[in-house]
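A look at the structure
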Amino acid sequence: MANPQRPSAVPKNAAWNKHHKYWEAGSTKGGIFNRTKKRTGLWTHWDRQGNVIFEGNYNNDGKLDGVAKHYHASNGKVAMEGNYKNGKQHG
């Protein structure tokens, strides 16, 4: 199946994740794949319609580190928030 049409709310640097069926991109402040192809920095995920559904920071090992938030696509409110340290819930 081809990638869905990019909604206007999804930035041009976002890529369609075929496995999870969402758009994803690192922030312009450093969210990228490192040389071992792991996420680093702040990443955002959007659903097919362009609604933000996740924001979280990844450390240099590609593991969640810091605050991560999941959002309700229907209203944009925080559905779940957690603090992570090296990929595990912390605190």
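Residues numbered from 1 in each chain as written. Predicted model: local features only at pLDDT ≥ 70, side-chain atom pairs only at ≥ 80, totals over all residues. Heavy atoms only, no water.

In terms of strand pairing, strand 5 (residues 52-58) meets strand 6 (residues 64-71) through 4 bridges, oriented antiparallel. Looking at strand 6, one finds that Glu55 is bridged to Lys69. Linking two consecutive strands that pair antiparallel, namely strand 5 and strand 6, is a turn of 5 residues; a positive phi of about 80 degrees is found at Gly62 within it. Looking at chain direction, strand 6 and strand 7 (residues 78-85) are connected through 6 bridges and run antiparallel. The residue of strand 7 that forms the bridge with Lys69 is Glu81. (Pairing = 2+ DSSP bridges. Helix = DSSP H or I, 4+ residues; strand = E, 2+ residues; numbered from the N terminus.)

Time to look at the environment of Thr44. By the secondary structure assignment, Thr44 is in strand 4 (residues 39-46). Along the chain, Thr44 and Asn83 lie 39 residues apart, while their C-alpha atoms are 16 Å from each other. Not counting chain neighbours up to four residues away, the residues in contact with Thr44 comprise Trp23, Glu24, Ala25, Val52, Phe54 and Glu55. (Contact = heavy atoms within 4.5 Å.)

Below, the discussion takes up the side chain of Asn17. As for its position among the elements, Asn17 is in strand 1 (residues 15-17). One polar contact links the side chain of Asn17 to the main-chain amide nitrogen of His19, over a distance of 3.1 Å. Look past the residues within four positions of Asn17 in its chain and what remains in contact with it is Tyr22, Glu24 and Arg39. (Polar contact = N/O pair within 3.5 Å; in protein donor to acceptor, adjacent residues only side chain to side chain.)

As a further point, take unusual backbone geometry. Look at Lys21: it is not a glycine, yet its phi comes out positive at around 60 degrees. Even without being a glycine, Asn86 presents a positive backbone phi close to 55 degrees.

A separate point is the packing of aromatic side chains. Here the structure, examined in full by the defined rule, presents 1 aromatic pair. Plain terms: the ring middles of Trp16 and Trp23 are 5.3 Å apart, the flat faces sit at 65 degrees to each other, and that makes the pair edge-to-face. Summarising the burial analysis for this pair, Trp16 and Trp23 share the class buried. Directly above the ring of Trp43 sits Arg39, whose terminal nitrogen or CZ lies 5.3 Å from the centroid. Lying over the aromatic face of Tyr58, Arg39 brings its terminal NZ or CZ to 5.6 Å of the ring centre. (Phe/Tyr/Trp six-rings, centres within 6.5 Å; stacked < 30°, edge-to-face > 60°. Buried < 20%, exposed > 50% of the residue type's maximum accessible area, 1.4 Å probe, protein only. Lys NZ or Arg CZ within 6 Å of the ring centre and 35° of its normal.)

Let us now look at the confidence of the model for the protein chain. When the pLDDT values of the protein chain are averaged, the result is 89; 90% of them are 70 or greater. Per-element confidence in the protein chain ranges from a low mean pLDDT of 66 for strand 3 (residues 32-33) to a high of 97 for strand 7. (pLDDT = per-residue confidence, 0-100.)

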